[in-house]
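# Report on the structure
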Amino acid sequence: MRVKCVLCDQIDTINDLKPLAKKLRNRPLHTYMCPTCEERITRKTMERKDSHSEIES
C-alpha cells in the first residue's frame, strides 16, 4: 500500500497486511506520518512538555 505523509508529502510503501494499513484503509480520518516526521513531532512535544513543567515548578 502506498501512503503519503501529511506533513512532508513523502510517499512510502507499507505492507498491506500490517495493522496500520488496515487502519488507514478502514478509517479515513486516520492519517499517515512518516517515521522522520513522527520522531520530530514527538521530540518537540516532549521538549515543550518538559519546559512547561519547569515553569510550573
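Everything here concerns the structure above.
Summary of the structure given here. Since this is a predicted model, take the numbers as computed values, not measurements.

Calculation notes
- In this convention, every chain numbers its residues from 1, walking through the sequence in written order.
- Local features are withheld for residues below a pLDDT of 70 in this predicted model, meaning they are given only at 70 or higher, and side-chain atom pairs are given and counted only at 80 or more; totals for whole chains, interfaces and linings count all residues.
- Excluded from the side-chain calculation are hydrogens and water; included are all heavy atoms of the structure.
- Salt bridge, as applied in this entry: a Lys or Arg side-chain nitrogen positioned within 4 Å of an Asp or Glu carboxyl oxygen.
- Under the DSSP-based scheme used, a helix requires at least four consecutive residues in state H or I and a strand at least two consecutive residues in state E, with every element numbered from the N terminus.
- Buried, partly exposed and exposed residues are distinguished by accessible area as a fraction of the type maximum, computed with a 1.4 Å probe on protein chains only: under 20%, between the cut-offs, and over 50%, respectively.
- A positive count includes Lys and Arg, and a negative count includes Asp and Glu. His and the chain ends are not counted in either.
- Counting of polar contacts relies on pairs of N or O atoms within 3.5 Å, with two restrictions inside protein: one atom must be capable of donating a hydrogen and the other of accepting it, and residues adjacent in sequence are counted only when both atoms are side-chain atoms.

### Considering the pattern of salt bridges
- This model, assessed by the stated rule, comprises 1 salt bridge.
- Here Glu39 makes a salt bridge to Arg43, at a shortest N to O gap of 3.3 Å. You can see Glu39 and its partner Arg43 sitting in helix H2 (residues 35–56), 4 residues apart, about one turn around the helix.
- By relative accessible area, which is 38% here, Arg43 ends up partly exposed.

### Here we look at unusual backbone geometry
- The backbone of Asp9 sits at a positive phi, close to 65 degrees, despite the residue not being glycine.
- If you trace the backbone, Asp9 turns up in the loop between strand E1 (2–4) and strand E2 (11–13).
- On the basis of relative accessibility, which here comes to 49%, the residue Asp9 falls in the partly exposed class.

### A closer look at the side chain of Asp12
- Position of Asp12 among the secondary structure elements: in strand E2.
- Nearest to the buried, unbridged Asp12 among oppositely charged side chains is Arg2, at 9.7 Å.
- Here the side chain of Asp12 touches Gln10 through a polar contact of 2.9 Å, side chain to side chain.

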